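Residues per chain, in single letters:
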Amino acid sequence: MSAASVQPPSVDPGAVDALMRDYAGDVPGAAVLVLRDGEPVLRRGYGLAALDEATPVGPRTNFRLASVTKQFTAASILLLAEDGRLTLDDPVKRWLPSLPPAADAVTLRHLLSHTSGLVDYEDHLPEGLQGQVHDIDVLRILEGQDRTYFPPGSAYRYSNSGYALLALVVGEASGSDFASFLRQRIFEPLGMAGSVAHQDGVDTVADRAYGHSLVDGRWVRTDQSPTSAVLGDGGIYSSIDDLARWDAALYDDRLLRPESLRLMFAPATTTPTGEDDVAHYGLGWRLQGERVWHSGESIGFRNVIVRWPRQRLTVVVLTNRNGPEPYPLALEIARIYAPAATP
């Protein structure tokens, strides 16, 4: 395990070690971060980032964030809105005109809040697919799906399709590409030096964790699936150290204006989500009372970030294994540091 930062006298970090015991040793591991008042009070690595190389997990180990990526995609759209390049109520077809007529009423706000009704691209991957699909391939798939699950804006259905399209909109509106925009407008300004929207053959992931799955009682590397190259819905790699910088930026105007932050964390849904602990969805964030959070699930990775902004408490758990979901663990860790912050 990597060393933790200095703990408040009333908190025993061994309590977290006990919760994380299944991640310690020669197994796929985890990185855990607890922030209070902007300061890391726990910063620990457990287990291995790569079994074959016996590489230990540390604070700078970069995990594939999977759907934790969506908050960065949403922030990119909000930055472009601040720039005057687009508005949240733009029809998506203003930017992606090849979408079919069924998408005529879909706006960027619908995509951000999972209320577009667009078809899930994962259900329509080409038969015999060789290699991986990318964000542009998601557009091509949706071009052939002239229907929606419901009238846009009338219901909620979690949609990776929508966030893949948002990455393409970022490219169109910025005149750049999604990965470059993230680097130039978010990662570099915030000092997130290890974070990247990973593109195989284009960049490398420093201090990389590789995904693993438990198969017939043994851990095997399962790092990539056919959809792992789609960036907008889940393609960012980052570490707990970089996510501490990201969390800090969500409290002030160093990245986004106060109005943009308010929109990000305000309910954007008016109908039930049907998801546990998700009373509403904001823009890239799940909302439950005073808790804002998001999980990320991809082949070989399970992650979560949970924030209690009023208490200025954040817990991040990143893992490079296919289970279990770390959200309950994050809540247990929060109870150790601030019992009143967990409802």
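Bear in mind that the values here come from a model prediction, so they are computed numbers and not experimental data.

Here is what the cut-offs are and how they apply
- Residues numbered from 1 in each chain as written.
- Predicted model: local features only at pLDDT ≥ 70, side-chain atom pairs only at ≥ 80, totals over all residues.
- Heavy atoms only, no water.
- Axes fitted to C-alpha atoms, helices over the stretch in contact; angles between N-to-C directions.
- Helix = DSSP H or I, 4+ residues; strand = E, 2+ residues; numbered from the N terminus.
- Parallel < 35°, antiparallel > 145°, perpendicular 65-115°, else oblique.
- Contact = heavy atoms within 4.5 Å.
- Nonpolar A, V, L, I, M, F, W, Y, C, P; charged D, E, K, R; others polar.
- Pairing = 2+ DSSP bridges.

**What to know about the packing of helix α2 (residues 70–82) against helix α7 (residues 178–190)**
Here α2 crosses α7 at 75°, and the two axes come no closer than 11 Å. As far as their axial angle goes, α7 and α2 are roughly perpendicular. Contacts from Phe72, Thr73, Ala75, Ser76, Leu79 and Leu80 in α2 reach Phe178, Phe181, Leu182, Arg185, Ile186 and Phe187 in α7. Of the residues that constitute the contact of α2 with α7, the class distribution is nine nonpolar, two polar and one charged.

**Observations regarding unusual backbone geometry**
Cis geometry is found at the peptide bond from Gly323 to Pro324, where omega equals 0°. Inspection of the secondary structure puts Pro324 in the loop between β14 (313–319) and α10 (327–337). A positive phi angle, close to 60°, is found at His114, a residue other than glycine. Structurally, His114 can be placed in the loop between α4 (108–112) and α5 (135–143).

**Points about the sheet that holds strand β5 (residues 63–64)**
Spatially, three strands are ordered β5-β9-β6 in an open sheet, and the strand pairing comes out antiparallel. Taken across any chain shown, the strands that pair with only one partner, and hence form the sheet edges, are β5 and β6 (196–197). Sheet topology note: the β5/strand β9 (residues 236–238) ladder contains two bridges and is antiparallel. By the bridge assignment for β9, Phe63 is matched with Ser238.

**Re the sheet that holds strand β11 (residues 286–288)**
Across the sheet, which stays open at both edges, the seven strands sit in the order β2-β1-β14-β13-β12-β11-β10 with antiparallel pairing between neighbours. A strand with exactly one partner marks an edge of an open sheet, and here the two such strands are β2 (39–46) and β10 (280–281). Here strand β13 (residues 301–308) pairs with β14 via seven bridges, running antiparallel. Opposite Ile305, over in β14, you have Val316 as the bridge partner. Lying over the sheet, α10 contacts β1 (30–36), β2, β12 (291–298), β13 and β14, oriented at roughly 35° with respect to β13.

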